[in-house]
Amino acid sequence: MGIVFGPVPSRRYGLSLGLDIIPKKTCSFNCIYCEVGLTDNLTIERKPFLKLEDLKGEIDESLKNISHLDVITFSGSGEPTLNSEIGRMIRYLKKNYNFPVVVITNGSLLWMKEVREELSFADIVEPTLNAGKEETFMKISRHDKDIILPLHIEGLIKFREEFKGKYFLELFFVKGVNDDEEDVKKMIEITRKINPDKIHLNTIDRPPSTDCLPVDEEFLLKIKNLLPDKTEILSRFKGLKTYIEIEDFILKTVKVRALKIDDIFSMLKNERKKIEDVICDLIDKGKIKEVIFNGEKYIQGV
Ligand code: SF4
């Protein structure tokens, strides 16, 4: 298991050294939009999947060669708070290094006192809220059966009351799944109750694990206007810039599953003409092909 990755530039936190402390793909959720893939091990059972002793050598070695870094971030192949060693790891980093420690979490275990205590040593914690209704919560997170939305919300609120560091909240939206009036209204109510230090609005940017689509920029702007000034839109609506980036994205995406051309336009958020040129070129090179299914045109990997 790769423990340390990067440093990578992150839109939220600048130059970040990532720590992946969970085996792929172990999570308490199996989100329809997950970019890591489908969850094989759906669980809320916390374990020392990786011990602090396994991390020390690699982190010390990585940090020895890094001249500039903004943060060290726990994220990666699953839910980091499932690792029962996370508290010891955060304390080790805080004791031995001067970099802010960030934990990106789905927030589903924050109702557990020990999880809140372990995360209390971090500088920034960013949990996610992706539903306002129980039915939507199940549809989008396909979570472990022991997690219900009121418990999830209770954990998010309790952690806000206790945590002394910065609390950022991510609101994640998927087109046609949690963007209806009722879900949005409830998510805004919960967000106001939590009153985080910062709110990040996000949607799908990379190939998701199932057939689902991002909301558009207009929708997120509308939500931003309903929330306090500390709200930022994270998604990259300007799109991928270069031909190579677009080509790489299409090849990786259609290798996993066939996509309608309109879905590719919607995911890439770039000039239609540019994307069409890349698709034609890839078809000519025999790297992708067009297939007709149910009267609709799809692009598929070869
Ligand atoms: S919580 Fe994160 S890692 Fe887990 S399934 Fe959802 S998006 Fe993927």
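Naming follows an unreviewed UniProt entry, where the protein chain appears as Radical SAM protein of candidate division WOR-3 bacterium. Here is the UniProt Cofactor (unreviewed entry) comment for the protein chain, exactly as written: "[4Fe-4S] cluster".

Draft legend 1. Looking closely at the packing of helix α1 (residues 52–64) against helix α2 (residues 86–96). It is the contact of α1 with α2, at a shortest axis distance of 10 Å, that shows an interaxial angle of 35 degrees. Crossing hand, α1 versus α2: right-handed. Between α1 and α2, the residues in contact are L52, E53, L55, K56, I59 and D60 and R88, M89, Y92 and L93, respectively. The residue inventory of the contact of α1 with α2, partitioned by class, reads six nonpolar, no polar and four charged.

Draft legend 2. Region of the structure containing the packing of helix α5 (residues 149–162) against helix α6 (residues 181–194). Contact pair α5 / α6: the axes reach a minimum separation of 9 Å and the direction vectors enclose 25 degrees. In this view, α5 runs roughly parallel relative to α6, as classed from their interaxial angle. Listed contacts from α6 to I153, L156, I157 and R160 of α5 are I190, K193 and I194. In terms of residue class, the contact of α5 with α6 is made up of five nonpolar, no polar and two charged.

Draft legend 3. Structural detail: α5. For α5, spanning 14 residues, the distance from its first C-alpha to its last is 20 Å, which sits close to the expected 20 Å at 1.5 Å a residue. Turning to α5, its buried residues are L149, L151, H152, I153, G155, L156, I157 and F159. Looking at the buried residues of α5, the elements they touch are α3 (113–119), β7 (124–126), β8 (128–129), α4 (134–141), β9 (166–173) and α6.

Draft legend 4. Spatial organisation of the environment of H68. Mapped onto the elements, H68 comes out in the loop between α1 and β5 (71–74). Residue classification places H68 among the partly exposed positions, given a relative accessible area of 46%. Polar contacts involving the side chain of H68 include one to the side chain of D70, which spans 3.4 Å.

Draft legend 5. Up close: the side chain of S209. Structurally, S209 can be placed in the loop between β10 (198–203) and α7 (217–226). At 3.3 Å, the side chain of S209 forms a polar contact with the backbone oxygen of C31. Here S209 is in contact with C31, I32, Y33, C34, G37 and L38, once residues within four sequence places are set aside.

Draft legend 6. Spotlight on the layout of surface pockets. Taken as a whole, the largest pocket holds about 1,300 Å³ of empty space. The element contributing the most residues to the lining of the largest pocket is strand β1 (residues 4–10), with four residues. For the lining of the largest pocket, the per-class residue count stands at 15 nonpolar, 15 polar and ten charged.

Criteria and cut-off values
- Residues numbered from 1 in each chain as written.
- Predicted model: local features only at pLDDT ≥ 70, side-chain atom pairs only at ≥ 80, totals over all residues.
- Heavy atoms only, no water.
- UniProt positions renumbered as here; feature names shortened; annotations may be inferred.
- Axes fitted to C-alpha atoms, helices over the stretch in contact; angles between N-to-C directions.
- Helix = DSSP H or I, 4+ residues; strand = E, 2+ residues; numbered from the N terminus.
- Left-handed = near helix turned anticlockwise from the far one by under 90°.
- Contact = heavy atoms within 4.5 Å.
- Nonpolar A, V, L, I, M, F, W, Y, C, P; charged D, E, K, R; others polar.
- Parallel < 35°, antiparallel > 145°, perpendicular 65-115°, else oblique.
- Expected span 1.5 Å × (residues − 1).
- Buried < 20%, exposed > 50% of the residue type's maximum accessible area, 1.4 Å probe, protein only.
- Polar contact = N/O pair within 3.5 Å; in protein donor to acceptor, adjacent residues only side chain to side chain.
- 1 Å grid on protein atoms, 1.4 Å probe; cavity = no way out; pocket = protein on both sides within 12 Å on 5 of 7 lines; lining within 4 Å.
- Points joined across faces, edges and corners; volume = space filled by probe spheres on them.

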